[in-house]
Amino acid sequence: MAEGKVAMAVIKEQLQETQGLCEYAIYVQALILRLEGNIQESLDLFQTCAVLSPPCADNLKQVARSLFLLGKHKAATEVYNEAAKLNQKDWEICHNLGVCYIYLKQFNKAQDQLHNALHLNRHDLTYIMLGKIHLLEGDLDKAIEIYKKAVEFSPENTELLTTLGLLYLQLGIYQKAFEHLGNALTYDPTNYKAILAAGSMMQTHGDFDVALTKYRVVACAVPESPPLWNNIGMCFFGKKKYVAAISCLKRANYLAPFDWKILYNLGLVHLTMQQYASAFHFLSAAINFQPKMGELYMLLAVALTNLEDTENARRAYTEAVRLDKCNPLVNLNYAVLLYNQGEKGGARAQYQEMEKKVNMLKDSSSLDFDPEMVEVAQKLGAALQVGEALVWTKPVKDPKSKHRTTSTNKATSFQQPLGSNQALGQAMSSAAACRKPPSGAGGTSQLTKPPSLPLEPEPPVAAQPPEVSAQTREK
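Procedures and definitions
Residues numbered from 1 in each chain as written. Predicted model: local features only at pLDDT ≥ 70, side-chain atom pairs only at ≥ 80, totals over all residues. Heavy atoms only, no water. Helix = DSSP H or I, 4+ residues; strand = E, 2+ residues; numbered from the N terminus. Buried < 20%, exposed > 50% of the residue type's maximum accessible area, 1.4 Å probe, protein only. Contact = heavy atoms within 4.5 Å. Phe/Tyr/Trp six-rings, centres within 6.5 Å; stacked < 30°, edge-to-face > 60°. UniProt positions renumbered as here; feature names shortened; annotations may be inferred. Expected span 1.5 Å × (residues − 1). Core = buried A, V, L, I, M, F, W, Y, C linked by side-chain atoms within 4.5 Å. Salt bridge = Lys/Arg side-chain N within 4 Å of Asp/Glu carboxyl O.

A. The side chain of Thr77, seen in detail. By the secondary structure assignment, Thr77 is in helix 5 (residues 73-86). Looking at Thr77, the relative accessible area reads 5%, which means it is buried. Apart from the residues within four sequence positions on either side, Thr77 is in contact with Leu97, Cys100, Tyr101 and Leu104.

Below you can see the structure in the form of structure tokens.
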């Protein structure tokens, strides 16, 4: 602060001597004001510089940057385009234009500008922003290709390695995920995102104690992380320590009250503990934030059934069946409810829908079905005198599979976890350090202006994978 005051005093003296026409002094004054948070004042001064020296691209870049920081993205793109006319080989202009277009949701233009930036000069930050575009568009394969190129260019960048590992983890490609996350930890053993991801992989495969050991390390670095406490809670859930699970999940809920995945998990644990009123509370809250997920309605129907509210349970099952076209558990649970209500015709119809989904899954994958689901389905099929032709794949051997999560990303899996690691979104939103572009001489003096750095704000966050949870079913 003291240095800033001295600098401002020198600038004021210089401006008095030049009657306010020293462009460089105004430029530096504007930079200081922006660093102090006075964005609008800095914008006015940078615009003055642009008037004093119209052909200087540096002045226009600073005007555009101030406009961007004020949230005026469209105006910023217009000024950056004017700057591009003065200097068509400036990597920074192309990169920043791409960032502005991301905020304007003009992804095609953003990609063009970012590719132009990479053609002029390869930077980690440009690769990251380009990868984010593909994530926002839901194209994981293209995002992986971009991050692979980025890692080839910068093999020691732990943010890039972690991000690529998390993308492979989301796709269920565990070998490559482990490889990249391991490399990230080799270069930075304290990288909490990579540690969290490694822990979630172990948790996904049922190694709850090892995962908890990893999470203890992460807790020292980010003790207020909602996904961390969510995953710790689900580790305790997997170990059948339900009170500890609820305690951790409620802490996660306190830190992120609008996260539907945490609410889902709280509802699930309360269902397991047969605390149906509490389960109804949390599942209803989750549905408010995620109204298009059929499985939430199914769990809500289970809670309502046990609360002896059959009418609303049927409504919830109807909505679940309408929304969920892949999970046979929805139809199986609905069939059980209808059978218990004496509606064998409706139960038979739901059972047949379940059979269709099971056959479709058998054709499209080699997954094993949960033994408990197989048992319930066979008993119900015998009671309804249907299902004799349905041949199940070999059931999993683990009798505790009800509380186990798997890592497959297929939406059709019965053991489909609601994710295993929300660190992905955090890794996506962390910009890696980049090399500064060479500064250009500015103004009429021979002094060199401080360069305008590339923009690295956060675009809208890509859809994050849900957090660890298990499945449940009505008997």
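Back to the write-up after that little detour.
B. The arrangement of the side chain of Lys357 in detail. Relative to the assigned elements, Lys357 resides in helix 21 (residues 344-364). Setting aside residues no more than four positions away along its own chain, Lys357 makes contact with Asp324, Lys325, Cys326, Asn327, Pro328 and Asn331.

C. A look at the packing of aromatic side chains. Tallying each qualifying case throughout the model produces 7 aromatic pairs. Centre to centre, the rings of Phe68 and Tyr103 are 5.5 Å apart; their planes meet at 85°, and the pair counts as edge-to-face. A residue pair is termed long-range when its members are at least 10 positions apart, and Phe68 in helix 4 (residues 57-69) and Tyr103 in helix 6 (residues 91-103) qualify at 35 residues. On the basis of relative accessibility, which here comes to 6%, the residue Phe68 falls in the buried class. Relative to Tyr264, the ring of Trp260 has its centre 6.5 Å away and its plane inclined at 90°; by these criteria the two rings are edge-to-face. Pair noted here: Trp260 and Tyr264 are both in helix 16 (residues 260-272), with a separation of 4 residues, about one helical turn. Each member of the pair, Trp260 as well as Tyr264, is classed as buried.

D. Quick peek at the UniProt feature "repeat: TPR" (unreviewed entry) in the protein chain. The sites that UniProt annotates as "repeat: TPR" (unreviewed entry) are residues 124-157, 158-191, 260-293 and 294-327. Counted over residues 260-293, helix gives 79% and strand 0%. Its end C-alpha atoms are 11 Å apart.

E. Local environment of helix 2 (residues 23-35). With 13 residues, helix 2 should cover 18 Å at 1.5 Å per step; its first-to-last C-alpha distance of 19 Å lies within 8% of that length. Burial analysis of helix 2 places 10 of its 13 residues in the buried class, which makes it a mostly covered element. Every buried residue of helix 2 is accounted for by Glu23, Ala25, Ile26, Tyr27, Gln29, Ala30, Leu31, Ile32, Leu33 and Arg34. Immediately downstream of helix 2, the backbone of Gly37 shows phi near 95°, a positive value.

F. Structural detail: the nonpolar core. Counting residues in hydrophobic clusters, the biggest one holds 72 residues, and the most contacted among them are Tyr215, Ile232, Leu271, Leu296 and Leu332. The contacts of Leu296, once residues within four sequence positions are left out, are Trp260, Tyr264, Leu283, Ala286, Ile287 and Gln290. Membership of the second largest hydrophobic core comes to 56 residues, among which are Leu45, Ala76, Leu135 and Tyr174.

G. Spatial organisation of unusual backbone geometry. Look at Lys240: it is not a glycine, yet its phi comes out positive at around 65°. Assignment of secondary structure puts Lys240 in the loop between helix 14 (226-238) and helix 15 (242-255). Look at Gln274: it is not a glycine, yet its phi comes out positive at around 65°. The topology assignment puts Gln274 in the loop between helix 16 and helix 17 (276-289).

H. Structural view of the pattern of salt bridges. Following the criterion strictly, the structure yields 14 salt bridges and no others. A salt bridge links Arg322 to Glu319, with the shortest nitrogen-to-oxygen separation between them at 2.4 Å. Of this pair, Arg322 and Glu319 both sit in helix 19 (residues 310-323), 3 residues apart, roughly one helical turn. Between Glu353 and Lys356 there is a salt bridge, and its shortest N-O distance comes to 3.5 Å. Of the two residues, Glu353 and Lys356 both sit in helix 21, 3 residues apart, roughly one turn of that helix. For Glu353, a relative accessible area of 33% corresponds to the partly exposed category.

I. Focus on the environment of Ala347. With respect to the helices, strands and loops of the structure, Ala347 is situated in helix 21. Residues Ala347 and Asn333, 14 residues apart in the sequence, show an inter-C-alpha distance of 9.5 Å. Setting aside chain neighbours within four positions, we find Ala347 in contact with Ala335, Leu338, Tyr339 and Leu384.

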